[in-house]
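Chain by chain, the residues:
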Amino acid sequence: MRIDNRNYRTIWPADKEQGPILIIDQRKLPHEFVIEELHTVSDAVVAIRDMHVRGAGLIGATAAFGMYLAAIGAEPGRLNEALQEGGRMLDNSRPTARNLKWAVDRILTAAALGDNEDDQKRIIFKTACEIADEDASFCKSLGLHGLKIIKELSEKKDGKTINILTHCNAGWLAFVDYGSATAPIYAARDAGIDVHVWVDETRPWNQGSKLTAWELQQENIPCTLITDNAGGHLMQKGMVDMMIVGTDRTTHTGDVANKIGTYLKALAARDNDIPFYVALPSSTFDWEMDSGHDIPIEERSGDEVTAISGMTKEGTVATVQLTAPGTRALNYSFDITPARLITGLITERGITAANREAIHRLFPEK
Ligand code: MRU
């Protein structure tokens, strides 16, 4: 997608044949655009853990390229050990997003097919590139499925603006390209449908105000930033036609882990008869977990709640303290929206009800 009218992905190798791996450092957005080089698996672990990159799909792609960096950093004769160790470090870098473990496992399975270490390294690089390409193409496809829902709503409203509420950033910055929640919105824009997006600011890390609002502006999609608590009021006033959010992990029974606050929006949407959709590439499904309540929920530092960062009037980026010294803060990063509150899951294969039977019908090989 575009930044200042130039197309970017969120992660890419410096060279078509090999690393280093380049990422956009998302901690600096929207005030500064900084491209960072990752040279080692530890660089990839830090980038994921400290949120230089974030969002389920992008974490997965970074883990895949991280495994490649582990491979090229391995001493001769010790590649498999380096991959096991790198995989363990990457797996532990953040707990909730399913795509992380999925990507590490896919690389380990592919690497096992190599005849020798050079061959294995070639396979790992190729597989990491495939994971990134697939993430982008799955998001593009799910966007076309989601477009059908927006089109129907637009026809029902005689072409009047469709107001879509989203939470956090499940845009292209959370994936390799296109995004999950935003892909249907970009597809609707391309189809000439009049869309407008309500963007939850998404405290405490502010993925909505810092990333989603900026990303939509870069793509000329009309959007308005709202506080996290405003959604219910807008719904009661008839100002929201549908919700689309992303997910970090979805059980094969349809429960969804997404950014903290998603559950409350789903409750408000249900109370107001507003369709609540979750968009995801299939790499986000957890095919083993039966209940969303078993999904590990990341707990981050309370400092993210007691302080806030932004640009000062003088043009420097600064962090300021919001609370009295010593204020205790609890900072769960994700919550679980139960399947019963979800109207549908938008995937690269189509839209499905959020229940075990329907999900397995769409993915019979699982
Ligand atoms: O903590 P983050 O920014 O990595 O959280 C991920 C998210 O942005 C959201 O939960 C998002 O809605 C789903 S990720 C595609």
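Here the structure is a predicted model, which is why all the values come from computation and not from measurement. (Residues numbered from 1 in each chain as written. Predicted model: local features only at pLDDT ≥ 70, side-chain atom pairs only at ≥ 80, totals over all residues. Heavy atoms only, no water.)

Novice: Teacher, can you tell me more about the pattern of salt bridges here?
Specialist: Oppositely charged side chains can pair when the atoms bearing their charge come close. Evaluated as defined, the whole model comprises 22 salt bridges. Lys-101 is paired through a salt bridge with Asp-105; the nearest N and O atoms lie 2.8 Å apart. Residue Lys-101 and its partner Asp-105 are located together in helix α4 (residues 98–111), separated by 4 residues, close to a single helical turn. One salt bridge in this structure joins Arg-189 and Glu-219, with 3.2 Å as the shortest N-O distance. Taken as a pair, Arg-189 in helix α6 (residues 183–190) and Glu-219 in the loop between α7 (207–218) and β8 (223–226) lie far apart in primary sequence, 30 residues in all. Looking at Arg-189, the relative accessible area reads 24%, which means it is partly exposed. (Salt bridge = Lys/Arg side-chain N within 4 Å of Asp/Glu carboxyl O. Helix = DSSP H or I, 4+ residues; strand = E, 2+ residues; numbered from the N terminus. Buried < 20%, exposed > 50% of the residue type's maximum accessible area, 1.4 Å probe, protein only.)

Novice: Which parts of the structure should I look at to understand the pairing of strand β9 (residues 242–245)?
Specialist: Along any regular strand, the residues point their side chains to alternate faces of the sheet. In β9, alternate side chains face the same way, and those of Met-242 and Ile-244 on one face and Met-243 and Val-245 on the other are all buried. Two strands pair when backbone bridges link them, and strand β6 (residues 162–166) and β9 are joined in this way by 2 bridges, in the parallel orientation. Directly across from Ile-164, in β9, lies its bridge partner Met-242. Here β9 runs beside strand β12 (residues 276–279); their pairing, made up of 3 bridges, is parallel. By the bridge assignment for β12, Ile-244 is matched with Tyr-277. (Pairing = 2+ DSSP bridges.)

Novice: Looking at this structure, how should I read the site of the ligand?
Specialist: Near the ligand there are 16 residues, and of these Arg-54, Arg-94, Asp-248, Asn-258 and Lys-259 occur at the shortest range. A distance of 2.9 Å separates an oxygen atom of the ligand from a polar backbone atom of Asn-169. Coverage of the ligand by the protein chains reaches 100% of its 400 Å² of free accessible surface. Here the residues of the shell around the ligand sort into 6 nonpolar, 6 polar and 4 charged. Both domains that meet at the shell around the ligand, namely domain 1 (2–134) and domain 2 (144–362), each give it at least three residues. (Near = heavy atom within 4 Å. Polar contact = N/O pair within 3.5 Å; in protein donor to acceptor, adjacent residues only side chain to side chain. Areas by Shrake-Rupley, 256 points an atom, 1.4 Å probe, with all protein chains shown as cover. Nonpolar A, V, L, I, M, F, W, Y, C, P; charged D, E, K, R; others polar. Domains from an automatic or database assignment.)

Novice: What is the right way to read the nonpolar core from this model?
Specialist: One broad trend across soluble globular proteins is that nonpolar side chains are buried collectively. Ile-11, Phe-65 and Leu-90 are the most contacted members of the largest nonpolar core, which has 39 residues in total. If you list the elements that add at least two residues to this core, you get β4 (21–24), α1 (41–49), α2 (56–72), α3 (79–91), α4 and α5 (117–156). The leading source of residues in this core is α2, at 12 residues. The contacts of Phe-65, once residues within four sequence positions are left out, are Ile-11, Pro-13, Ile-21, Phe-125, Ala-128, Cys-129 and Ala-132. Judged by nonpolar contacts, the second largest core, of 36 residues, contains Leu-142, Ala-170, Trp-205 and Leu-216. (Core = buried A, V, L, I, M, F, W, Y, C linked by side-chain atoms within 4.5 Å. Contact = heavy atoms within 4.5 Å.)

Novice: Sorry, what's going on with the sheet that holds strand β3 (residues 11–13) here?
Specialist: The pairing of strands in a sheet happens through backbone hydrogen bonds and is either parallel or antiparallel. Pairing is antiparallel across the open sheet formed by 3 strands, whose spatial order is β3-β4-β5. Among the strands making up the open sheet, the edge pair consists of β3 and β5 (35–38). Ignoring which end each strand starts from, the neighbouring axes of this sheet average 25 degrees apart. Summarising the sheet, β4 and β5 pair through 4 bridges and their orientation is antiparallel. Paired with Ile-23 across the strands is Glu-36, a residue of β5. Running at roughly 25 degrees to β3, α2 makes contact with β3, β4 and β5 of the sheet. (Axes fitted to C-alpha atoms, helices over the stretch in contact; angles between N-to-C directions.)

Novice: Quick question: what am I supposed to make of the sheet that holds strand β7 (residues 195–200) here?
Specialist: Strand order across the open sheet formed by 7 strands is β8-β7-β6-β9-β12-β17-β18, with mixed pairing between neighbours. Pairing within the sheet leaves two strands with one partner each, and these edge strands are β8 and β18 (350–352). Between one strand axis and the next, the sheet turns through 25 degrees on average, direction left out of account. Where strand β17 (residues 344–347) and β18 come together, 3 bridges link them in antiparallel fashion. Looking across to β18, one finds that Leu-345 is bridged to Thr-352.

Novice: Please clarify how α4 should be interpreted in this entry.
Specialist: With 14 residues, α4 should reach 20 Å at 1.5 Å per residue; the first-to-last C-alpha distance of 20 Å fits that figure. Of all the positions in α4, only Arg-98, Asn-99, Leu-100, Ala-103, Val-104, Ile-107, Ala-110 and Ala-111 are classed as buried. On its buried face, α4 sits against α1, α2, α3, α5, β10 (249–251) and β13 (285–286). (Expected span 1.5 Å × (residues − 1).)

Novice: Looking at this structure, I do not really get the domain arrangement of the protein chain. What am I missing?
Specialist: Buried accessible area, meaning the area lost when the parts come together, often serves as the stated size of an interface. We note that the domain assignment places domain 1 (2–134) and domain 2 (144–362) within the protein chain. One C-alpha centre belongs to domain 1, the other to domain 2; they are set 25 Å apart. In this assembly, 30 residues from domain 1 lie in contact with 36 residues from domain 2. For the pair domain 1 and domain 2, the two sides together bury roughly 2900 Å², of which 54% comes from carbon and sulfur. For the domain 1 face of the interface with domain 2, the top three residues by lost area are Arg-2, Thr-96 and Arg-98, together amounting to 25%. (Buried area = accessible area lost by both parts, 1.4 Å probe.)

Novice: I'm lost on α1 in this one. Help?
Specialist: Given 3.6 residues to a turn, an α-helix orients residues that are three or four positions apart in the same direction. Along α1, the residues that are buried comprise Val-41, Ala-44, Val-45, Ala-47 and Ile-48. Mapping the buried residues of α1 onto a view down its axis gives an arc of 160 degrees, with all of them on the same face. Against β4, β5, α2, α3 and α4 lie the buried residues of α1. Trailing α1 by a residue or two, Met-51 shows a phi angle of about 65 degrees, which is positive. (Arc of directions from axis to C-beta.)

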